[in-house]
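Each chain, letter by letter, is given below.
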Amino acid sequence: MNWKKTLTAGVAVASAAMALTACGSSDSSKSNGNGKLADKQVLNWDEASELATMDPSKVMDTIGGDMLNNTMEGLYRLGKDSKIEPGIATKTTVSKDNLTYTFTLRKNAKWSNGDPVTAKDFVYSWQRTVDPKTAAAYSYLFSGIKNADDIVAGKKAPGTLGVKAVGKYKLVVNLEKQLPYFKLLMGFVVFAPQNQKAVEQYGSKYGTAAKYMCYDGPFKMTEWTGTNLKWKLVKNDNYWDKKNVKLSEINFSVNKSTTTSYNLYQSKKLDETILSPEQAKQLSNNPDYSILKQARTSYLEFNQTEKKFQNKKIRQAISYAINRKQLAEKVLGSGTLPCKGAVSQGLAKRGGKDFTDAATTNTGVQFDKAKAKKLLKEGLKEIGEDNLSFALLGDDTDNSKKITEFLQSQIEENLPGTKVSVQNIPFKTRVTRSQKGQFEVVVSSWGADFSDPISFLDLYTTDNSYNFGKWKNAEYDKWIAKSKTTDAGNVSARWDDMVKASKIINEDQGIVPLFQLNQPQLIRSNVKGVIQNTAGSVNNWKNVYITK
């Protein structure tokens, strides 16, 4: 997810057919779990950025994903180590050709308004998300479900999507091609059901504030107005598994400064806080300290509708001017890794070899000051310009400011004569401007939605809604298409297709891969049962409890 975001996420249930292995999750329950429950089951959690939406069809970020992951429930939930756990589905039957999935739904699931959760709620939700009128950024994830691509393209009606309700409690999904990661998708918030009555009642306000929503998950949201920086999740008494939900409420507050959030942690007004690199060094021996490993990469996107960034040599010059090792180790620290490419390290392996090692290239991610100068000179000559200047867009959090300052310094120092102006703005605004193409160069971030390289590589195809920079490469599109169609059922061929695509984006400098963040944090030791996955929605608070 663009979650993200200063996000986080990892699914260890990669398809056995693909022979992929993935990074797992952390669980804050470090004791044997025998501590007595505290009288007050309230959790106080820190967020680094504001909440953008609660509409499952329109969510784009990690924070929204986390909120929906705990207030909505789809066919499956992803538990510890991203293992699939029962959600609304109690049984799944798959046809021999792997093209038809039949889900039997539980009969005791209810919405927060008292309505039963039925198969029609899934049909309605999915059709709404692929409907071009909804303009859902994640509609591309439905590709492979019968007619999804044609619906998104406006060629067929949403009602023709390959999903149907057979009675109240049976959902049948028809695929037009095998999707090795299909079950993982079913644990992702975009595939959750939606209450049609609520959507139609609230109209354009749906998902824009806590009161304009209907929930079927462990919690309900309250007090979010759509713009404020504090809100709550409270226990949903209509939730089918409420007996296993111990928390009565979770209080969230947005703190863009880690100094502020750490002070609140020390005064026991927060039970969790992320840390800056400096704080992490000082607090690494604290028993509450941990590092959240993330299947997330941060990278630069160029607005390639602009002449200067259509020039490959100029894009490469900027990339070669950046010392990623210094950025990862000195500026960010805590085990943050320099990127090898578009895909995060540790996400997937085949034959014991990590995908990023298989896709390694000699271009696209190296630091070479001399080559950077040479390429810039050649690139400027090709476009008839004497110098380069551009605005660099980033978020307004402490860490984001440090990153953009470092990049500005590196580019101006290693490419003499180049001028970089930095603009740090709220996350929600940055995403909106990225979507509208209102940027020259932007620091973007993506966390895997499931443990498969395609979760990253899909983003950069020509027509993908998250390809904000509008990079285009027909050869890249060809290999991605093969991995999802003719080679979808061939483990080896599909892997090779994705490796080739990953190499192309490095070699053509479609983006500038920067780093894979590992996020240092403090979580109070009496907070038990927090599940944090490295791919998909990060935080699962369903089974959290507070001990004395």
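- Going by what an unreviewed UniProt entry lists, the protein chain is known as Peptide ABC transporter substrate-binding protein and is assigned to Ligilactobacillus ruminis.
- Word for word, the UniProt comment on the protein chain under Subcellular location (unreviewed entry) is "Cell membrane".

**What about the sheet that holds strand 15 (residues 337–338)?**
Here is step 1 of the chain: As summarised here, the arrangement of the six strands in space is 15-21-14-20-18-19, forming an open sheet in which the pairing is mixed. Edge positions in the sheet fall to strand 15 and strand 19 (419–425), since each has one partner strand and no second.
Here is step 2 of the chain: Across seven bridges, the pairing between strand 18 (residues 389–395) and strand 19 is parallel. Opposite leucine 393, over in strand 19, you have glutamine 423 as the bridge partner.

**Concerning the environment of glutamate 301**
Here is step 1 of the chain: The topology assignment puts glutamate 301 in strand 14 (residues 296–302).
Here is step 2 of the chain: As a C-alpha pair, glutamate 301 and serine 434 span 133 residues in sequence and 9.4 Å in three-dimensional space.
Here is step 3 of the chain: Here glutamate 301 is in contact with Phe439, Glu440, Val441, Val442, Ser444, Tyr466, Asn467, Phe468, Gly469 and Ile511, once residues within four sequence places are set aside.
Here is step 4 of the chain: Looking at glutamate 301, its side chain comes within polar contact range of the main-chain nitrogen of glycine 469, at 3.3 Å.

**Looking at the confidence of the model for the protein chain**
Here is step 1 of the chain: Overall, the prediction assigns the protein chain a mean pLDDT of 92, with 94% of residues at 70 or greater.
Here is step 2 of the chain: Between residues 3–24, whose pLDDT stays under 50, and residues either more than four places distant or in other chains, the model counts 108 contacts.
Here is step 3 of the chain: In the predicted structure, residues 29–33 sits below a pLDDT of 50 and forms seven contacts with residues beyond four places in sequence or in another chain.

**Considering the layout of surface pockets**
Here is step 1 of the chain: Taken as a whole, the largest pocket encloses approximately 600 Å³ of empty space.
Here is step 2 of the chain: If you go around the largest pocket, you meet 32 residues; those closest to its centre are Thr53, Lys58, Met60, Ala135 and Gln435.
Here is step 3 of the chain: When its residues are assigned to classes, the lining of the largest pocket shows 12 nonpolar, 13 polar and seven charged.
Here is step 4 of the chain: Every residue lining the second largest pocket is counted, 20 residues in all, and those nearest its centre are Ser143, Asp149, Thr461, Asp463 and Lys484.
Here is step 5 of the chain: When contributions to the lining of the second largest pocket are tallied by element, the ones reaching two or more residues are helix 3 (148–152) and helix 16 (474–484).
Here is step 6 of the chain: With four residues, the top contributor of residues to the lining of the second largest pocket is helix 16.
Here is step 7 of the chain: Class assignment of the residues belonging to the lining of the second largest pocket gives a composition of five nonpolar, seven polar and eight charged.

**Concerning helix 14 (residues 427–436)**
Each full turn of the α-helix corresponds to 3.6 residues, which orients residues three or four apart in the same direction.
Here is step 1 of the chain: Buried within helix 14 we find Phe427, Arg430, Val431 and Ser434. Across the axial projection of helix 14, the buried residues extend over an arc of 100 degrees, all falling on one side.
Here is step 2 of the chain: Elements that come into contact with the buried residues of helix 14 comprise strand 18, strand 19 and strand 20 (441–447).
Here is step 3 of the chain: Just beyond helix 14, the residue with positive phi is glycine 437, at close to 75 degrees.

Rules used in this analysis
- Residues numbered from 1 in each chain as written.
- Predicted model: local features only at pLDDT ≥ 70, side-chain atom pairs only at ≥ 80, totals over all residues.
- Heavy atoms only, no water.
- UniProt positions renumbered as here; feature names shortened; annotations may be inferred.
- Pairing = 2+ DSSP bridges.
- Helix = DSSP H or I, 4+ residues; strand = E, 2+ residues; numbered from the N terminus.
- Contact = heavy atoms within 4.5 Å.
- Polar contact = N/O pair within 3.5 Å; in protein donor to acceptor, adjacent residues only side chain to side chain.
- pLDDT = per-residue confidence, 0-100.
- 1 Å grid on protein atoms, 1.4 Å probe; cavity = no way out; pocket = protein on both sides within 12 Å on 5 of 7 lines; lining within 4 Å.
- Points joined across faces, edges and corners; volume = space filled by probe spheres on them.
- Nonpolar A, V, L, I, M, F, W, Y, C, P; charged D, E, K, R; others polar.
- Buried < 20%, exposed > 50% of the residue type's maximum accessible area, 1.4 Å probe, protein only.
- Arc of directions from axis to C-beta.

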